[in-house]
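Here are the chains, one letter per residue:
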Amino acid sequence: MSGNWKMYKTPAETIAFFEKFRPLVEKSEHCEIVICPPFTNLAGAVDAVKGSHIRIGAQNIGWAREGAFTGEISGPKLNAVGVTHAIIGHSERRQYFGETDESVLKRTQAALEWGVLPIVCIGERLEEREGGTTEAVLASQFQKGIAGLSEQQFARIVIAYEPVWAIGTGKTATPDIAADAHRTIRAQVRGKFGKDAGDAIRILYGGSVSPENVKTLMAQPEIDGVLVGGKSLDAPAFASIVNF
Ligand code: PGA
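Notes on the structure in this doc start here. (Residues numbered from 1 in each chain as written. Predicted model: local features only at pLDDT ≥ 70, side-chain atom pairs only at ≥ 80, totals over all residues. Heavy atoms only, no water.)

**Notes on the site of the ligand**
For clarity, the threshold we go by: Whether a residue is near a molecule or strand is decided by its heavy atoms; if any one of them lies within 4 Å of it, the residue is near. Any pair of nitrogen or oxygen atoms within 3.5 Å is treated as a polar contact; in protein, a donor-acceptor pairing is required on top of that, and neighbouring residues in sequence qualify only through side-chain atoms on both sides. In short, Shrake-Rupley with a 1.4 Å probe defines the accessible areas, and a residue's cover is counted only from the protein chains shown. Just so you know the grouping, Ala, Val, Leu, Ile, Met, Phe, Trp, Tyr, Cys and Pro go in nonpolar, Asp, Glu, Lys and Arg go in charged, and all remaining residues, Gly too, go in polar.
Contacts to the ligand come from 13 residues, most closely from Lys 6, His 90, Glu 162, Gly 168 and Ser 208. The side chain of His 90 places a nitrogen or oxygen atom 2.6 Å from an oxygen atom of the ligand. Between an oxygen atom of the ligand and a main-chain N or O atom of Gly 229, the distance comes to 2.8 Å. Coverage of the ligand by the protein amounts to 95% of the 280 Å² it exposes when considered alone. Of the residues in the shell around the ligand, the class split is four nonpolar, seven polar and two charged.

Here it is as structure tokens:
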């Protein structure tokens, strides 16, 4: 169960969040919990969750170890502050910041090299869904991106299916639509990495997940978890998603 805070919350607001959130999920051992705050809050967040089973992730990760890459943060820097996960290829990065399937692959390989668990996002835009090309888009994002990993690398990633039209819009994919897309992704994985990899890969659903709809989404055997934006900013709301 993962939260993506996007460009929200100051360090002080981060600490206040975890003071409220920690006791609400203390006994939630049925799942892994990851929260991805902005870079400036990562160290404070890691501190704030010490001694709990909550993990902290970044919202991106550079592909190089270090060097002249203004604005990028690398795996070793994330490691140094105790970050264990990174979201890679979020649609907002693809849409507004020129992220491509190729750069997603490079970032994913770098994350794995530095022991940071990648949560790799793929998903179709509204016009693609309406134009009937969802399957082709998901296949192409997979093939041009993470299909370039080795089998051993692939075994260590998590995929998030995030239909762009459902993100921040209040329009959740129905559980059936989400499960269908997950099946498409899993079929791609089986085709490339074999049946066992297809069975084992964890696929999260993301896009307007809320305390109200999480149960029906999680009831789909295809859906292994969720990536939550807006509703992860509020401690009681995200706790009730975790404890669905
Ligand atoms: P949302 O965002 O839950 O606000 O729709 C999800 C995401 O972008 O990861």
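That was the structure; now back to the text.
**Looking at helix α12 (residues 235–242)**
For clarity, the threshold we go by: Whether a residue is buried, partly exposed or exposed follows from its accessible area with a 1.4 Å probe, protein chains only, as a fraction of its type maximum: under 20%, in between, or over 50%, in that order. Only runs of H or I of at least four residues qualify as helices and only runs of E of at least two qualify as strands under DSSP, and these elements are numbered from the N terminus. By definition in these notes, contact holds between two residues if any of their heavy atoms fall within 4.5 Å.
Burial runs high along α12: six of the eight residues are buried. Looking only at α12, the buried set comprises Ala 235, Ala 237, Phe 238, Ala 239, Ile 241 and Val 242. Those residues of α12 that are buried are in contact with β1 (2–4), α1 (11–25), β2 (33–36), α11 (214–218) and β8 (225–228). For α12, the side-chain oxygen to backbone nitrogen distance between the N-cap and Ala 237 is 3.0 Å, and the N-cap itself is Asp 234.

**Some words on the pattern of salt bridges**
Defined as follows: Throughout this description, the term salt bridge denotes a Lys or Arg side-chain nitrogen within 4 Å of a carboxyl oxygen of Asp or Glu.
Here the structure, examined in full by the defined rule, presents 16 salt bridges. A salt bridge links Glu 127 to Arg 125; its shortest N-O distance comes to 2.7 Å. Owing to a relative accessible area of 48%, Glu 127 belongs among the partly exposed residues under this scheme. With relative accessibility at 36%, the residue Arg 125 sits in the partly exposed group. Among the salt bridges present, the one from Glu 128 reaches Arg 125, with a minimum N-O distance of 2.9 Å.

**A closer look at the packing of α1 against α12**
When two helices pack together, their arrangement is given by the angle between the helix axes and by the axis-to-axis distance. Quick reminder of the rule: To get an axis, fit a line to the C-alpha atoms, keeping to the stretch in contact for a helix; angles then go from 0 to 180 degrees between the N-to-C directions. Should an angle lie under 35 degrees it is considered roughly parallel, over 145 roughly antiparallel, and from 65 to 115 roughly perpendicular; all remaining angles are considered oblique. Each helix crossing is assigned a hand: it is left-handed if the near helix lies turned anticlockwise from the far helix by less than a right angle, otherwise right-handed if that turn is clockwise.
Two elements in contact, α1 and α12, have axes whose closest approach is 9 Å; the angle formed by their N-to-C orientations is 25°. It follows from the interaxial angle that α1 and α12 lie roughly parallel. Crossing of α1 against α12: the hand is right-handed. Counting all contacts with α1, which are made through Phe 17, Lys 20, Phe 21, Leu 24 and Val 25, the residues of α12 involved are Ala 235, Pro 236, Phe 238, Ala 239 and Val 242. Residues belonging to the contact of α1 with α12 are distributed by class as follows: nine nonpolar, no polar and one charged.

**Here we look at the side chain of Arg 107**
For Arg 107, the position within the fold is in helix α5 (residues 101–113). Accessibility expressed as a relative area gives 6% for Arg 107, which makes it buried. A distance of 2.6 Å separates polar atoms of two side chains, one belonging to Arg 107 and the other to Glu 72. Residues in contact with Arg 107, not counting those within four places in the same chain, are Asn 60, Ile 61, Gly 62, Trp 63, Glu 72, Ile 88 and Glu 99.

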